[in-house]
Amino acid sequence: MRMVDLISRKRDGLEHTPEEIDFIVRGIVEGSIPDYQLAAWCMAVYFQGMTPREARDMAVKMAATGDQVDLSPLPGVKIDKHSTGGVGDKTSLVVAPLVAAAGIPVCKMSGRGLGHTGGTIDKLESIPGFRTELSLSELFAQVRKAGVGLVGQTGNLVPADKQLYALRDVTGTVASIPLIATSIMSKKLAGGADGFVLDVKVGDGAFLKTKAEAEKLGELMVAIGKNAGRKTVAVLSAMDQPLGKAIGNALEVREALATLRGEGPADLEELSLALGAQMLVLAGAEEEAAEAKAKLKALITSGEGLRTFGRWIEGQGGDPRIVDDPQLLPLAPSVVGVKSLRAGYVTSWATEELGLLSMRLGAGRARKEDPIDHRVGLVIEKKIGDWVEAGEEIAKVYARSEAEAASGVAAVLAAVQLAPTPPPKKPLVIGYII
Ligand code: URA
C-alpha cells in the first residue's frame, strides 16, 4: 500500500477500507508516513470528510495504539461523561458525585485545560492535597470505597492522537469534524467505559460555533461509540455565555460545592441534572430521564451528593473540610468588582474572550507546558437576560496583582453587551442525539 494512493483516494471522496485505515494509523505511530503526506491526508479529510464506518475504524485503531484501561474489575455498568469544552464548565464536579451517590460507580479520566477552555483535572488540583495521579489499583480502590474516582490521562493514552493532533495544529486541520470525533472517541474508547454521555457545546465559547456543526460532530461521535459496541448519547448544550458564574479553578470548585448544596446557579444545576440523568439511563438504573433527574435532584436536597463529594476528595488525598468551609480553597490576593458603565439588559457575553481573559489572569494555559494559578479567574454576576443598573456590579475579577485586576476589569467591560430590551430566551439544552 502506498500513502500517496490513499491521499488521492481521500482527495477524490472515496471511502477508505479498514486495511487502509490500519495502514495510516500504524504509519502515524511507527513514523513510517512522513509528515507532509499525513498533512496532505488530513487536509483531504478536512474537505471530503469520513463515513461513520471509516471514523469508527479510525477511532478503534487509534485507541489500540497505547494503554487501554480495563474497567471490568469494577462492579456495574461504567458510564463516562465527556464535554467538548467550554468556559466555566464544571459539570463533571457536580455530576460525578451525584451519579456515584445514585449507586452508579464513576471511574473517569479527564484532561487539563488549554486555551480558553478549562479542564477538570486543573479544577480538582485546586483542592489542597488532591492527587490526580493514581495507579490503576489505587483508582479502583478509590471507586470501590467512595463510588467515584478521577485521574488524569495516562502518558501513553492514544499516542497516535498526540502525534496527529500536533500535526493538525500546525496544518489548519484541527477543525475537521471527523478528525475531532476520532480524536475524542479514541481516548474515550481507550478509557474503557461501557457507555458515554457526550456534552457537545455550541456557541461563542465552544469549539464549534454553530448548531449545524455541533450536530454533525455529535452524530458522528454517537455513531462511533455505538459502532464500537458502547452505549452512547450526545447532549447539545448552549455555550453562548459561561456555564454558571465562575471561571477559574478554585472558583469553579466553590461553585460546584454550592450546586451540590442546592444553592448553585440554575443553568449549572439544569445541565448537570440533564447529563447525570442520561448517565443513569445508560447505566440501566432508570428508564426515563425525567425520573433520573428527580432522583439526582433528591440527592442534592438530601445532601448525599455533597457528602459523596467529601468522601471522593478525602479518598484522593484532598482536604475534605473544604466541603463545609470553601474558604479553605486558595483565593486570589486581589479581588476587584466590575461596575457597569450603563443600565440595560445583558444581551451577550463574549464568552471565548472571557475564557481567554481567565487564561491571561493565570487560570489557564496558552501552551500545554504553561503553569497555572488555581486562585485566579472571574465570577460573572449577571447572566444574559438580567437587568443591570448603571454602577451595579456585573462581575468580579480575581487576580494575582492589582495591575492584572485592572486590566481584567477593562476586558470584562469590553466583553459584555447591554440593550434597553431583553434578548429572546434561548434553551440551555438544545437537543439530544440518541
Ligand atoms: N479535543 C480533542 O481531544 N481532540 C480534538 O481534535 C479536538 C478537541
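> Can you help me understand the layout of surface pockets in this one?
Using a probe with the size of a water molecule, rolled over the atoms, empty space left in the structure can be pinpointed. Looking at the second largest pocket, its volume works out to about 560 Å³. If you trace the second largest pocket, you find 22 residues lining it, with Asp240, Gln241, Ile384, Lys425 and Lys426 closest to the centre. Here the lining of the second largest pocket takes three residues from helix 12 (residues 266-282), the largest share from any one element. Residue composition of the lining of the second largest pocket, grouped by class: 11 nonpolar, four polar and seven charged. Split by domain, the lining of the second largest pocket shows at least three residues from each of two domains, domain 2 (79-323) and domain 3 (331-419).

> Which parts of the structure should I look at to understand empty space enclosed by the protein?
Counted according to the given criterion, the structure contains three cavities of 30 Å³ or more. Each pocket or cavity is described by its volume, and for the largest cavity that value is around 130 Å³. What lines the largest cavity is a set of 19 residues, and nearest its centre among them are Thr117, Gly118, Ile247, Ser358 and Ala363. Residue assignment for the lining of the largest cavity shows that the elements contributing at least two residues are helix 6 (120-124), helix 11 (249-260) and helix 15 (351-363).

> I keep staring at the domain arrangement of the chain and nothing clicks. Help me out?
It is common to give the size of an interface as the accessible area lost on bringing the parts into contact. According to the domain assignment, the chain consists of domain 1 (3-49), domain 2 (79-323) and domain 3 (331-419). Here the C-alpha centre of domain 3 lies 43 Å away from the C-alpha centre of domain 1.

> Even after reading the chapter, I still don't get the sheet that holds strand 5 (residues 231-238), so can you show me in this structure?
For sheets, the rule is that strands pair by backbone hydrogen bonds, running either parallel or antiparallel. The strand order 1-4-5-13 describes an open sheet built from four strands, whose pairing is mixed. The sheet is open, and its two borders are formed by strand 1 (79-83) and strand 13 (429-433), each paired with just one other strand. Between one strand axis and the next, the sheet turns by 15° as a mean value, whatever way the strands run. Both strand 1 and strand 4 (residues 195-202) contribute to a ladder of five bridges, which runs parallel. Considered in strand 4, the bridge of Ser83 is made with Asp199. Relative to strand 4, helix 12 is tilted by about 155°, and along the sheet it contacts strand 1, strand 4, strand 5 and strand 13.

> I keep staring at the packing of aromatic side chains and nothing clicks. Help me out?
For any pair of aromatic rings, the description rests on two quantities: the centre-to-centre distance and the angle between the ring planes. For the coordinates displayed, the defined rule picks out four aromatic pairs. Considering the side-chain rings of Tyr46 and Phe47, the 5.1 Å spacing of their centres and the 80° angle between planes classify their relative orientation as edge-to-face. Look at Phe309 and Trp312: their rings are 5.4 Å apart centre to centre, the planes differ by 70°, and that puts the pair in the edge-to-face class. Residue Phe309 and its partner Trp312 are located together in helix 14 (residues 304-315), separated by three residues, close to a single helical turn. Trp312 gets classed as buried once you look at its relative accessible area, which sits at 0%.

> Please explain the site of the ligand as it appears in this structure.
Neighbouring the ligand are the residues Tyr165, Arg168, Ile180, Ser183, Ile184, Lys187 and Phe207. Between the ligand and Arg168, the relevant distance is 2.9 Å, taken from an oxygen atom to a side-chain nitrogen or oxygen of the residue. A distance of 2.5 Å is found between an oxygen atom of the ligand and a side-chain nitrogen or oxygen belonging to Lys187. Coverage of the ligand by the protein amounts to 83% of the 240 Å² it exposes when considered alone.

> Even after reading the chapter, I still don't get unusual backbone geometry, so can you show me in this structure?
When glycine is set aside, most residues are seen to have a negative phi, and most peptide bonds are trans. Of note in this structure, Val158 is not a glycine but carries a positive phi near 45°. Within the secondary structure layout, Val158 lies in the loop between strand 3 (148-152) and helix 8 (159-169). Accessibility expressed as a relative area gives 0% for Val158, which makes it buried.

> Got a minute to help me understand the packing of helix 4 (residues 52-63) against helix 10 (residues 211-227) in this structure?
How two helices sit against one another is set out by the angle between their axes and by the gap between those axes. Running from N to C, helix 4 and helix 10 cross one another at 65°; their axes reach a closest spacing of 9 Å. When the axes of helix 4 and helix 10 are compared, the crossing they make is right-handed. Taken together, the residues of helix 10 that come into contact with helix 4 (itself represented by Pro52, Ala55, Arg56 and Ala59) are Leu220, Ala223, Ile224 and Asn227. A class-by-class count of the residues in the contact of helix 4 with helix 10 yields six nonpolar, one polar and one charged.

> Would you mind showing me how to read the environment of Glu252 here?
In this fold, Glu252 is placed in helix 11. Residue Glu252 is classed as buried on the basis of its relative accessible area, which comes to 3%. Glu252 sits 134 residues away from Gly118 along the chain, and the two C-alpha atoms are 9.9 Å apart. Ignoring sequence-local partners within four residues, the contact set of Glu252 consists of Gly88, Asp89, Lys90, Leu93, Lys123, Ala246 and Ile247.

> Help me out: how do you make sense of the sheet that holds strand 7 (residues 334-339) in this one?
If you walk across this open sheet you meet the four strands as 6-9-11-7, and the pairing is antiparallel. Every interior strand has two partners, whereas the edge strands, strand 6 (246-247) and strand 7, have only one. Here two bridges tie strand 6 to strand 9 (residues 377-380), and the two strands are oriented antiparallel to one another. Paired with Ile247 across the strands is Leu378, a residue of strand 9.

So, how was this worked out
- Residues numbered from 1 in each chain as written.
- Predicted model: local features only at pLDDT ≥ 70, side-chain atom pairs only at ≥ 80, totals over all residues.
- Heavy atoms only, no water.
- 1 Å grid on protein atoms, 1.4 Å probe; cavity = no way out; pocket = protein on both sides within 12 Å on 5 of 7 lines; lining within 4 Å.
- Points joined across faces, edges and corners; volume = space filled by probe spheres on them.
- Helix = DSSP H or I, 4+ residues; strand = E, 2+ residues; numbered from the N terminus.
- Nonpolar A, V, L, I, M, F, W, Y, C, P; charged D, E, K, R; others polar.
- Domains from an automatic or database assignment.
- Pairing = 2+ DSSP bridges.
- Axes fitted to C-alpha atoms, helices over the stretch in contact; angles between N-to-C directions.
- Contact = heavy atoms within 4.5 Å.
- Phe/Tyr/Trp six-rings, centres within 6.5 Å; stacked < 30°, edge-to-face > 60°.
- Buried < 20%, exposed > 50% of the residue type's maximum accessible area, 1.4 Å probe, protein only.
- Near = heavy atom within 4 Å.
- Polar contact = N/O pair within 3.5 Å; in protein donor to acceptor, adjacent residues only side chain to side chain.
- Areas by Shrake-Rupley, 256 points an atom, 1.4 Å probe, with all protein chains shown as cover.
- Left-handed = near helix turned anticlockwise from the far one by under 90°.

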